Amino acid sequence: MADRDPVPLPAEVRAKLAELELELSEGDITQKGYEKKRSKLIGAYFPQSPGMDPSTGQERRTPVTPSSSRYHRRRSSGSRDERYRSDVHTEAVQAALAKHKERKMAVPMPSKRRSLVVQTSMDAYTPPDTSSGSEGEGRGDEDEGGDGEEEDEEDGGGGGGGGGGGTSSSREGSISMEHWISRAIHGTSSTTTTSSTASSSSSSTRSGGSGAAAGGRLADVLAQHVHISAHHLRRHHHHHHHRHKTENHSAPPDVTSYTNNTANATADGIQVERAPGAGTAAQRQTPKYGNAELMETGDGVPVSSRVSAKIQQLVNTLKRPKRPPLREFFVDDFEELLEVQQPDPNQPKAEGAQMAAMQGEQLGVVTNWPPSLEAALQRWGTISPKAPCLTTMDTNGKPLYVLTYGKLWSRSVKVAYNLLHKLGTKQEPLVKPGDRVALVFPNNDPAAFMTAFYGCLLAEVVPVPIEVPLTRKDAGSQQIGFLLGSCGVTVALTSDACHKGLPKSPTGEIPQFKGWPKVLWFVAESKHLSKPPRDWFPHIKDANQDTAYIEYKTCKDGSVLGVTVMRIATLTHCQALTQSCSYTEAETIVNVLDFKKDVGLWHAILTSVMNMMHVISIPYALMKVNPLSWIQKVCQYKAKVACVKSRDMHWALVAHREQRDVNLSSLRMLVVADGSNPWSISSCDAFLNVFQTKGLKPEVICPCASSPEALTVAIRRPAEEGSTPPGRGVLSMQGLSHGVIRVDSEEKLSVLTLQDVGSVMPGGMMCAVRLEGVPQLCKTDEIGELCVCTVATGTSYYGLAGMTKNTFEVFPVCSNGTPISEFPFTRTGLLGFIGPAGLIFVAGKMDGLMVVGGRRHNADDIVATALAVEPMKFVYRGRIAVFSITVLHDERIVVAAEQRPDSTEEDSFQWMSRVLQAIDGIHQVGVYCLALVPSNTLPKTPLGGIHLSETKQLFLEGALHPCNVLMCPHTCVTNLPKPRQKQPEIGPASVMVGNLVSGKRIAQASGRDLGQIEDNDQARKFLFLSEVLQWRAQTTPDHVLYTLLNSRGTIASSLTCVQLHKRAEKIAAMLGERGHLQDGDHVALVYPPGIDLIVAFYGCLYAGCVPITVRPPHPQNIATTLPTVKMIVEVSRSVCVMTTQVINKLLRSKEASAAVDVRSWPPVLDTDDLPKKKPPLLHKPSNPDTLAYLDFSVSTTGMLAGVKMSHTATSAFCRSIKLQCELYPSREVAICLDPYCGLGFVLWCLCSVYSGHQSILIPPSELEVNPALWLSAVSQYKVRDTFCSYSVMELCTKGLGLQTDSLKSRGLDLSRVRTCVVVAEERPRIALTQSFSKLFKDLGLHPRAVSTSFGCRVNLAICLQGTSGPDPTTVFVDMRALRHDRVRLVERGSPHSLPLMESGKILPGVRIIIANPETKGPMGESHLGEIWVHSGHNASGYFTVYGDEALQSDHFNSRLSFGDTQTVWARTGYLGFLRRTELTDASGERHDALYVVGALEEAMELRGMRYHPIDIETSVIRTHKSITECAVFTWTNLLVVVVELDGSEQEALDLVPLVTNVVLEEHYLIVGVVVVVDIGVIPINSRGEKQRMHLRDGFLADQLDPIYVAYNM
């Protein structure tokens, strides 16, 4: 089929076909019916080969297969000739994509905030279905690359239109590769057997050799493509077309208030919203739109929202079969096993015999060849000074200047003299022979460069040609600077114009470029130089072993090396080129290449002078303006030779249109410099196709292969009569990825067509060696690195002995280990093999190699595949970068491309998803990340190609600023550790001896025993706090208990014992009178933090009521804060609410009535004007176990829980704190906490009354006005003990960070603080406490003073640092062991280590044990388990309306399943462990430290392991400077990461790959969704804890207004 030209179809048949297509795309005809009718129509015009399915016949000019036309942009007849688009690779890609048309895609499109979308575009993504090929689309045919500026493709640019194997017609001339290879492999007679074994791959789902094409392999990419019923499909199409017609780009309607409105206009708008769920909801026939769709999610919770529809879709997509299971593992320095990709037993292996090294022809020395290049220059400069050497062009293509050999000689002599004698002083010349100097010349001035280069050779100085640095921070300039520094360069030669153009400082000096050594700029132009004396001549020697020049080379990682080339090597290389290219004197050669290095330097600067040739130099700037300029110059000068890259041929094709007077018959040789790029073949073929009619002979095209180390590796000779015809090989990509050569006979999809690059250079010897390990010769059917042995190569990397040995001193060995030659070989950095008739084939570069899952892929091949995906109108050709990054022990492929400014979100996204499919289909490898950036933003090399390492660097730093990102970690990452299977824990059967469980001490500890402490605690006489207050009011009436500060730091109000008592009596009277309350009624106290709250609390105790403190609603945010107030009032069964007048008004305001039902409030009493009278008598509770108060709090998971505190527990609590902190009446304690629940409330309201100390109260809200308020108060009142929350500490750290000096000058002194306790119910935040300590160390704060406390719902304070115990200790545990519920202590700084700080000392009267949360058995020491607590101040139960008894008894009255089964414990719901330390506590015992790891209800079970959100969040926050906060939660087994972005919205998409990478690397988890939001979106409660469940609800209800949401595939 490929070699026969099909009959062109008549117009009427085409019209009928078009009609058919339309019917199919409208869904009016099935695929089967369509194919039947179609094959009938075109059957007559296609010569059928037997056994070929009629529907696959393809016609070259306008493809009409359903598969390709769907993806093919129709071109109008006037556009570029179709042949260059439809080359083999494009067809292959389309066929691979066509396999996807049946299975609908279900990739949710990312959502962006409007401001991020440059053009308005649809909010949702339509799966690429049949309608995307509809007739009306894509008619406006845009030119592929007429404008040079945007088309800058350099080496990797993917040759001619679309890159890809040769056009099918040009195969006849090739040597039979099949035959050669089958001979190479055990001489098997047929090729089919070998290729059938070759065609199945490790990741492929196909059987042996069946030609089931890439379809099966594609199953891995984006499976779960839901089949859509015809009804749905049709409806969907109508919308699709409708959208195209009406350009309805308005913002999507608000779907929240929808009924099922089917008017067409709205339906269309909604369709825009609704498409993400298109696939998933297909089975239900009723029309559903946007948010109106109820979806059953994984949790069985019906969720109604657009976001969750997308997530559901993602979940469905991810349910598809993963790649095949992998077997072996490697241990990641610990039990956790990461899978290692195992070779598939069926993968192709090399089977040929060992290759033999290939010898080139003899280097025939011609008698008149000069003994050195300088000698040649001297000869031509003196005997034919008028002969032209170099003609330069201006940007209009006019000859600017002709340099003759005479001028070149005299000027070079002048440069040499000035270099040696005019720099520095006579005694101390700056430059001596053998020194290195930099040559900095622009690309449009070859004459100045040539003069300077030969000047250096004559002076025996070593030139180092480099690019002109344009700005101080050029891409890669730092590495160039490093090279110059290591070469010891102190002088830079440059031209006048270039010197003027360099960036200057205000004083006119040239600044030092980033990373550069200090250099002297020396303008090497004749008019600036002094004439050498008459008697001065340069010393001209024969070529010797000295270094002639150093060529720079940029490595894969961006580092720059200098390859030194000796004079003898330079000369030998010129001789070898002269012999290969048959150069003769005075030939004219047109050069488009960079003359500073590589092929351009070798042909147009060195070899040309040896042969006195005339070079016509075409600058890059002229090529940009006029891509045809080089062809015009070949005609004008009747040039014999031209040196170009495939890019230049491609541009000429695009631009030639119908150029009349082109005649290329003078060309005898067209050197294609990047012939080693396999994709150059398509440019060569296409170029020949067009220009053959213009006199171009086929044998003229001469691809060459070269590398900086080995110089010219091979070059195809201009054909003489009877020489070998050029070779072609059509190789299987699948085979190549396993490093073997297989001719692809049956599968036309994933092939690489190679052309030979000629034979071994004269005087050289070549072989191919294995890529890994010992340089062993390859087998004949194996791909290896080509190595050459000849004089004409580089000799070293300057200054790098080790790397030099590895590259320039290689001794290839046979399979038995003997070296094949006594001479060293040089590695070329090229991958390839030596084919039949000694032809060299190059399949790629070592630098472009990416090893993914044990298979090798070449970046160039992947670029070509991406470029072959139609339509190309969304991205620029040749502005595409492919590189790999290492994530989780394997390389991952990243594709970055520049997006055209006029493409919509939708277009780009569609293109991206197609690229993913195509790459998977053809290479069977997943792309980890595809990023599109705005046009012209990828870093460029000086000649306009893409600077790969710089692009990679930007990507990894999060500075690439893409405008579109698609990550596919789910498809790529196949080496995650096995999900964990739970092991049975120690059960009662284990031996328990005394306090040991399975050989370890049982993890239990206790605070001091309350019974044994002798203290003169007067308050102990009283059972009730109300009695303590009455006693204090009588004995010390004027002692101040409370002082409240305002934001200015002055005292707002204070309370003495008697004042508090009197005001509490009045409240009690009012409650009895106005409220008619009975004994035991519940009263809600809604007060701002302050004195009124305390008074109201004791008033309730006096009246015998049970108080509940409630945070008042926030006046600016009533809608969200008031419902919580209402809920607490209702759940606590409060019969009345006490509050201030201001809040009372607020509760009845208009805003309030919008938020809650105001009529249903219980009676509200305001306590601003109290009655004057006392109550008849104060209530005394009958039983100390009755309720004292209720403590309500909302947990981080969004649960509202109230606990009951009895009078006994309250008094025990106060006593415990008094003992731990040594509180007595003469003390002052500063408290900056919210007084509504937990320890905060106890410290604010209760402790002062019990212990008699003065509490200085600082409402945390006042710190927002004056961040220094708390610390100033601590300093001013000379406080020794202070309590705060994490939010307060954070406010001080962030708000006062830069003001420590000014605070110090104002006399702020924290040196008296001995305890500063953070009141918390979570794992201590070490980073925050440490930065706080460091920051305020200058103000006298002792680092030992800062500690944390720990409490929870069942016991409001379990640990508190206190005054006497040892300092809090910190341990480092292995985070991976923690996921398996194990504790493994590691050294500080070891990988995966996590610091944990002890949560303060266990309070007196508290006992702790660590128990297994599942089996309830006791745990050994240093084992992770749930913390259980037994204490006199445990709460006595939950207070709920529903009275859920089981929960109650489980949480508050648990018993161990074995061991001490008598004690009743309360379960805290937190995981932690106990560890005995070397320290001793006050009683002289060894101190037991308690480490809290995290709440059980917050922990996420993923892959069978337990993750604490804070650990993932910490990793994520570290990954980029713009991430200020992060919260994670799970949704149907997907991990959702929400990050707050502090930066421009343009940075939002940079975060997606970084977040995904870090979570994979550090936690072995794949992130499902990344949500980027504004600062302050993640809700935080009063304790400074993240409300992750609120966030999750907000996300699912689409209320976050995210900047960007990325759904990882």
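Residues numbered from 1 in each chain as written. Predicted model: local features only at pLDDT ≥ 70, side-chain atom pairs only at ≥ 80, totals over all residues. Heavy atoms only, no water.

The next point concerns the overall build of the protein. Within the protein, the regular secondary structure consists of 44 helices and 63 strands. Every one of the 1609 residues in the protein was classed for burial, and the buried ones make up 61%. Put simply, of all contacts in the protein between residues at least 6 apart along the chain, 75% involve residues at least 24 apart. On the protein, roughly 59900 Å² of surface is accessible, and the fraction owed to carbon and sulfur atoms is 53%. (Helix = DSSP H or I, 4+ residues; strand = E, 2+ residues; numbered from the N terminus. Buried < 20%, exposed > 50% of the residue type's maximum accessible area, 1.4 Å probe, protein only. Contact = heavy atoms within 4.5 Å. Areas by Shrake-Rupley, 256 points an atom, 1.4 Å probe, with all protein chains shown as cover.)

What follows is about the sheet that holds strand 38 (residues 1004–1006). For sheets, the rule is that strands pair by backbone hydrogen bonds, running either parallel or antiparallel. If you walk across this open sheet you meet the five strands as 38-54-55-56-57, and the pairing is antiparallel. The open sheet is flanked by strand 38 and strand 57 (1486–1495), the only strands paired with a single partner. Mean inter-strand twist for the sheet, computed between neighbouring axes without regard to direction, equals 40 degrees. In this structure, strand 38 lies alongside strand 54 (residues 1406–1411), joined through three bridges in antiparallel fashion. What sits directly across from S1006, in strand 54, is R1407. (Pairing = 2+ DSSP bridges. Axes fitted to C-alpha atoms, helices over the stretch in contact; angles between N-to-C directions.)

The subject of this paragraph is the pattern of salt bridges. Following the criterion strictly, the structure yields 47 salt bridges and no others. Taking the shortest distance from any N to any O, the salt bridge between R1314 and D1281 comes out at 3.6 Å. With R1314 in the loop between helix 38 (1300–1305) and strand 50 (1315–1318) and D1281 in strand 49 (residues 1281–1284), this residue pair connects regions lying 33 residues apart in the sequence. Connected through salt bridges with shared partners, the residues E1498, E1513, E1525, K1586 and R1588 form a single ionic network. (Salt bridge = Lys/Arg side-chain N within 4 Å of Asp/Glu carboxyl O.)

This next bit is on the confidence of the model for the protein. The pLDDT averaged across the protein works out to 79; a share of 78% of its residues lies at or above 70. Confidence drops under pLDDT 50 across residues 47–86; counting only partners more than four residues distant or on other chains, this segment forms 101 contacts. (pLDDT = per-residue confidence, 0-100.)

What follows covers the nonpolar core. In summary, soluble globular proteins display a tendency toward joint burial of nonpolar side chains. Counting residues in each nonpolar core, the largest one holds 90 residues, and the members touching the most others are Y1098 and M1138. Apart from residues lying up to four places away in sequence, M1138 is in contact with I1067, L1071, V1083, A1084, L1085, V1086, Y1087, A1096, C1100, L1165 and T1167. With 78 residues, the next largest nonpolar core counts L363, A376, L423 and M669 among its residues. (Core = buried A, V, L, I, M, F, W, Y, C linked by side-chain atoms within 4.5 Å.)

Below, the discussion takes up the sheet that holds strand 63 (residues 1604–1607). Within the open sheet, the five strands sit side by side as 1-63-62-61-60. Their pairing is mixed. Because the sheet does not close on itself, it has two edges, and the strands there are strand 1 (111–112) and strand 60 (1523–1531). By the bridge criterion, four bridges tie strand 62 (residues 1567–1573) to strand 63 in an arrangement that is antiparallel. Paired with V1569 across the two strands is Y1607, which belongs to strand 63. Sheet strands in contact with helix 43 (residues 1551–1563) are strand 60, strand 61 (1534–1541), strand 62 and strand 63, and its direction is about 135 degrees off that of strand 62.

So, about a positive patch on the surface. Taken together, the side chains of K32, K36, K37 and K40 make up a positively charged region of the molecular surface. Along the polypeptide, K36 turns up in helix 2 (residues 31–43). (Patch = residues over 30% accessible without salt bridge, like charges linked within 9 Å, V, L, I, M, F, W, Y side chains within 5 Å. Lys, Arg positive; Asp, Glu negative; His and termini not counted. Charge placed at Lys NZ, Arg CZ, Asp CG, Glu CD.)

As a further point, take the packing of aromatic side chains. A full pass over the atoms with the stated rule returns 25 aromatic pairs. For the ring pair F883 and F955, a centre distance of 5.8 Å and an interplane angle of 70 degrees mean the geometry is edge-to-face. Taken together, the residues span a long stretch of sequence, with F883 in strand 31 (residues 875–887) and F955 in helix 26 (residues 948–957) at a distance of 72 residues. Taking the relative accessible area as the measure of exposure, F955 reaches 3% and is therefore buried. Connected via pairs of aromatic rings, a cluster forms that spans F441, F449, F453, Y454, Y549 and F595. Lying over the aromatic face of W380, R379 brings its terminal NZ or CZ to 5.1 Å of the ring centre. The cationic tip of R647 hangs over the ring face of W651; the distance from NZ or CZ to the ring centre is 5.6 Å. (Phe/Tyr/Trp six-rings, centres within 6.5 Å; stacked < 30°, edge-to-face > 60°. Lys NZ or Arg CZ within 6 Å of the ring centre and 35° of its normal.)

Our focus in this paragraph is unusual backbone geometry. Unusually for a residue other than glycine, K1278 sits at a positive phi of about 50 degrees. With respect to the helices and strands, the residue K1278 is situated in the loop between helix 36 (1269–1276) and strand 49. K1278 sits in the partly exposed class, given a relative accessible area of 48%. The phi torsion at H1392 lies on the positive side, around 65 degrees, for a residue other than glycine.

At their nearest, the axes of helix 28 (residues 1025–1035) and helix 30 (residues 1091–1103) sit 9 Å apart, and the two run at 110 degrees to each other. Taken together, the axis directions place helix 28 and helix 30 in an arrangement best described as roughly perpendicular. Only Y1098, L1101 and Y1102 of helix 30 make contact with helix 28, whose side of the interface consists of L1025, S1026, L1029 and Q1030. (Parallel < 35°, antiparallel > 145°, perpendicular 65-115°, else oblique.)

This part takes up the environment of W1031. As for its placement among the helices and strands, W1031 is situated in helix 28. With 30 residues separating them along the chain, W1031 and H1061 place their C-alpha atoms 9.8 Å apart.

As a packed pair, helix 28 and helix 29 (residues 1057–1073) sit with axes 8 Å apart at the nearest point and diverge in direction by 130 degrees. Relative to helix 29, the element helix 28 is oriented oblique. Every pair of crossing elements has a handedness; the one defined by helix 28 and helix 29 is left-handed. Residue-level contacts link L1029, Q1030, R1032 and A1033 of helix 28 to C1057, V1058, L1060 and H1061 of helix 29. Residues belonging to the contact of helix 28 with helix 29 are distributed by class as follows: five nonpolar, two polar and one charged. (Left-handed = near helix turned anticlockwise from the far one by under 90°. Nonpolar A, V, L, I, M, F, W, Y, C, P; charged D, E, K, R; others polar.)

The subject of this paragraph is the environment of V1539. Here V1539 shows up in strand 61. What makes V1539 buried here is its relative accessible area of 0%. Considered as a pair, V1539 and E1513 are 26 residues apart in the sequence and their alpha carbons are 8.9 Å apart. Filtering out sequence-adjacent residues up to four positions away, V1539 remains in contact with V1516, I1523, E1525, C1526, L1551, V1555, V1571, V1572 and V1573.

Where burial is concerned, the two faces of strand 50 agree: the one with T1315 and V1317 and the one with C1316 and V1318 are both buried. As defined by bridge partners, strand 49 adjoins strand 50 across four bridges and the pair is classed as parallel. Pairing of F1283 across the sheet is with V1317, part of strand 50. With three bridges joining them, strand 50 and strand 51 (residues 1346–1348) adopt parallel strand pairing. Bridge pairing links V1318 to T1348 in strand 51. Read as a crossover between parallel neighbours, the route from strand 50 over helix 39 (residues 1326–1335) to strand 51 is right-handed. (Right-handed = clockwise from strand over helix to strand, strands pointing away.)

Along the chain, the position of N591 falls in strand 15 (residues 588–591). Take N591: its relative accessible area is 0%, and that puts it in the buried class. Within polar-contact distance, the side chain of N591 engages the backbone nitrogen of L593 at 3.0 Å. When sequence neighbours within four positions are dropped, the list of residues in contact with N591 reads G600, A604, V615, I616, S617, I618 and C643. (Polar contact = N/O pair within 3.5 Å; in protein donor to acceptor, adjacent residues only side chain to side chain.)

The subject of this paragraph is the environment of E1130. Here E1130 lies in helix 31 (residues 1118–1131). Spatially, the C-alpha atoms of E1130 and A1084 are 9.6 Å apart, while their sequence positions differ by 46 residues.

Right, let's talk about helix 25 (residues 905–923) for a bit. Taking 1.5 Å as the rise per residue, helix 25 with 19 residues should run 27 Å; its terminal C-alpha atoms sit 27 Å apart, in good agreement. Extensive coverage of helix 25 is indicated by the burial of 18 of its 19 residues. The positive-phi residue at the C-terminal boundary of helix 25 is Q924, with phi of around 50 degrees. (Expected span 1.5 Å × (residues − 1).)

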